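Coordinate inspection notes
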Amino acid sequence: MIGDLLPDIPRGLTALAEWGACLVYVLLVPRRLPLRRLVPVVVVGFAVLWGVQTVAGTLPRALWTLGMLLAVATMFAFVHLCAAGPARVAGYLVARAFVLAELVASLHWQLDVYFFLEADEPVVLRGAMLVVIYGGGLVAAWALERRHFPPDVAVDVDARALASAVAIAAITFLVSNLSFISTRTPFSGRLGLEVFYIRTLVDLAGFVALFAQHGQRLELRRAREVEAMDRLMRSQHDQYLASRRNVDEVNRKYHDLKHYVQAIRAEESASARAEYLDRLEESIRGYESQVQTGNRVLDVLVSSRLAECATQGITLTCVADGAALAFVDVMDTSALVGNALDNAVEATREVADPDRRFIRLAVYAQGGLVMFRVDNYVSDVDLEFHDGLPRTTKGDTTSHGYGLTTMRQVAERYGGSLTVQVEDGWFTVRVLLPSPQT
């Protein structure tokens with residue numbers, strides 16, 4: 001066997017690579033432990049990995065696989081203790097860390113054997129190469145992976161992604177170490193240094209495969225998010241069109257009925273009939289468009305929500321200069337106003353206190369800026385925020401939670417901004433847009 005002819009990677013260096021690779025991914029994802037508790041866990045994790053690898057090095061070759069499984073289990077415990085998320089997230093990260101550790105350790109040992117196997121070089125020179133390759137390799141991996149793991153964003157891993165990552169890691173490890181087990185296969189190397197080259201190359205291919213896999217998952221997720229937000233914007237626009245048709249129809253009926261009442265009154269002058277007609281006219285007055293802001297889109301959206309709020313015991317007040325939003329596209333206005341009011345109605349519906357079932361909407365222009373603001377009470381004031389926006393409280397994150405994100409995109413498209421604040425039980429959404437009329 002090749003392992004009997006050439007020195008294999010010392011167990012201590014393997015432990016160092018595994019520990020460093022685990023640390024790379026722990027630093028990339030949200031952590032379970034605060035810094036003051038993380039540091040001792042990291043130190044203890046290195047000591048445990050070193051001990052496991054040392055013990056594994058004393059096992060007979062027949063138990064070589066058992067030694068590797070113990071090392072992987074230790075890596076899993078280390079990552080799961082430090083990184084936030086369920087066990088499948090830790091498993092996913094460990095699969096990536098394991099391949100990275102194999103790559104760094106293999107690359108260093110290949111160069112070490114090539115330069116120093118038959119030479120009597122100073123320990124300082126070999127140590128310097130160790131620091132450069134281990135440190136540089138792990139830092140480079142962290143820099144590459146950082147764009148795949150945005151700060152403070154929880155890693156979303158399903159069973160399929162976990163199984164794929166574990167399969168890639170297992171195949172990479174088996175193929176890269178096949179020559180050390182047997183040279184009697186079509187995929188084994190038979191020359192000394194060739195074996196190290198094959199192992200490093202296969203480990204690199206495994207790391208690239210895992211890197212590409214994660215990148216593809218992110219692209220698919222972004223595509224689903226864009227599709228969901230586009231669907232949400234179109235839904236708001238369709239809702240606006242339907243509401244406008246309803247309002248127009250009600251207003252036409254109101255107008256026709258007024259003339260009908262006037263005709264009857266002209267024909268019959270009895271006091272009882274006149275009183276009845278007065279009451280009839282008063283009863284249908286509420287069906288006329290209740291909001292006149294100077295912006296037809298805003299009028300329809302608010303009017304439709306007023307009717308909805310009335311049926312659910314919610315008070316909606318509107319103080320708006322609709323003309324200030326005249327420069328905003330119809331679909332964008334529908335997305336801003338529709339999403340804001342839908343979120344407010346849904347949140348206020350959960351408020352038990354009748355005196356707090358209250359929504360305020362305001363639109364006004366001042367100093368070359370247009371402010372669109374919606375305030376409502378919320379029953380849950382301990383909302384979890386990410387990137388300035390509250391996370392959805394619904395279980396299905398793939399279908400919900402895009403309303404505020406869509407509103408922010410609309411605001412930024414006009415050079416504006418969106419902010420969300422929760423204070424004293426009030427949930428406030430502010431959209432600030434620069435007015436092109438200035």
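The structure contained in this document is the topic of the report that follows. (Residues numbered from 1 in each chain as written. Predicted model: local features only at pLDDT ≥ 70, side-chain atom pairs only at ≥ 80, totals over all residues. Heavy atoms only, no water.)

A few points about the overall build of the chain
- Counting its secondary structure elements, the chain contains 13 helices and seven strands.
- When the 438 residues of the chain are sorted by exposure, 41% land in the buried category.
- A fraction of 73% describes how many contacts in the chain between residues 6 or more apart in sequence connect residues 24 or more apart.
- Counting every atom, the chain has about 23,300 Å² of accessible surface; 59% of that belongs to carbon and sulfur. (Helix = DSSP H or I, 4+ residues; strand = E, 2+ residues; numbered from the N terminus. Buried < 20%, exposed > 50% of the residue type's maximum accessible area, 1.4 Å probe, protein only. Contact = heavy atoms within 4.5 Å. Areas by Shrake-Rupley, 256 points an atom, 1.4 Å probe, with all protein chains shown as cover.)

Notes on the packing of helix 3 (residues 35–57) against helix 4 (residues 64–82)
- Helix 4 packs onto helix 3 with a crossing angle of 175° between their chain directions and a minimal axis gap of 9 Å. Judged on the interaxial angle alone, helix 4 and helix 3 are roughly antiparallel. Along its contact with helix 3, which presents Leu 38, Val 41, Val 42, Gly 45, Val 48, Leu 49, Val 52, Gln 53 and Ala 56, the element helix 4 presents Gly 67, Leu 70, Ala 71, Thr 74, Met 75, Phe 78, Leu 81 and Cys 82.
- In the contact of helix 3 with helix 4, the residues fall into 13 nonpolar, four polar and no charged. (Axes fitted to C-alpha atoms, helices over the stretch in contact; angles between N-to-C directions. Parallel < 35°, antiparallel > 145°, perpendicular 65-115°, else oblique. Nonpolar A, V, L, I, M, F, W, Y, C, P; charged D, E, K, R; others polar.)

Remarks on the nonpolar core
- Judged by nonpolar contacts, the single largest core of 52 residues is most densely connected at Tyr 25, Val 79, Leu 93 and Leu 100.
- Where this core is concerned, the elements lending two or more residues are helix 2 (11–28), helix 3, helix 4, helix 5 (87–116), helix 6 (123–146), helix 7 (159–176) and helix 9 (192–267).
- It is helix 5 that provides the largest number of residues to this core, a total of 16 residues.
- If we skip the residues at most four places from it in the chain, Val 79 touches Cys 22, Val 26, Ala 90, Leu 93 and Val 94.
- In terms of nonpolar packing, the next biggest core, distinct from the first, is built from 37 residues, Leu 301, Leu 336, Val 374 and Val 410 among them. (Core = buried A, V, L, I, M, F, W, Y, C linked by side-chain atoms within 4.5 Å.)

Section: the sheet that holds strand 3 (residues 369–377)
- On the basis of which strands lie adjacent, the open sheet formed by five strands has the order 1-2-3-7-6 and mixed pairing. Every other strand in the sheet has two partners, leaving strand 1 (315–320) and strand 6 (417–423) as the edge strands with one partner each. Averaged over all neighbouring strand pairs, the angle between strand axes comes to 10°, with direction disregarded.
- Note: strand 6 against strand 7 (residues 426–434), seven bridges, orientation antiparallel. Following the sheet pairing, Val 420 is matched in strand 7 by Val 429.
- The sheet strands contacting helix 11 (residues 296–311) are strand 1 and strand 2 (358–366), and the helix crosses strand 1 at an angle near 160°. (Pairing = 2+ DSSP bridges.)

Some points on helix 3
- For helix 3, spanning 23 residues, the distance from its first C-alpha to its last is 33 Å, which sits close to the expected 33 Å at 1.5 Å a residue.
- The complete set of buried residues in helix 3 reads Leu 38, Val 41, Val 42, Gly 45, Leu 49, Val 52, Gln 53 and Ala 56.
- On its buried side, helix 3 packs onto helix 2 and helix 4. (Expected span 1.5 Å × (residues − 1).)

Quick word on the side chain of His 214
- Here His 214 shows up in helix 9.
- By relative accessible area, His 214 is classed as buried at 3%.
- Polar contacts involving the side chain of His 214 include one to the main-chain carbonyl oxygen of His 148, which spans 3.2 Å.
- Those residues in contact with His 214 that sit more than four places away from it in its chain are Tyr 92, Arg 96, His 148 and Phe 149. (Polar contact = N/O pair within 3.5 Å; in protein donor to acceptor, adjacent residues only side chain to side chain.)

Regarding the pattern of salt bridges
- Here the structure, examined in full by the defined rule, presents six salt bridges.
- In this structure, Asp 112 engages Arg 126 in a salt bridge whose closest nitrogen and oxygen atoms are separated by 2.4 Å. Residue Asp 112 is found in helix 5, and its partner Arg 126 is found in helix 6; the two are separated by 14 residues along the sequence.
- With a relative accessible area of 4%, Asp 112 lands in the buried category.
- On the basis of relative accessible area, Arg 126 is assigned to the partly exposed category, the value being 32%.
- A salt bridge links Asp 342 to Arg 305, with the shortest nitrogen-to-oxygen separation between them at 3.0 Å. With a gap of 37 residues between them, Asp 342 in helix 12 (residues 330–349) and Arg 305 in helix 11 connect regions that are remote in the sequence. (Salt bridge = Lys/Arg side-chain N within 4 Å of Asp/Glu carboxyl O.)

Digging into the pairing of strand 1
- Relative to strand 2, strand 1 runs parallel, the two sharing six bridges. Looking across to strand 2, one finds that Ala 320 is bridged to Val 363.

Such coordinate-based values are descriptive only and should not be taken to indicate function.
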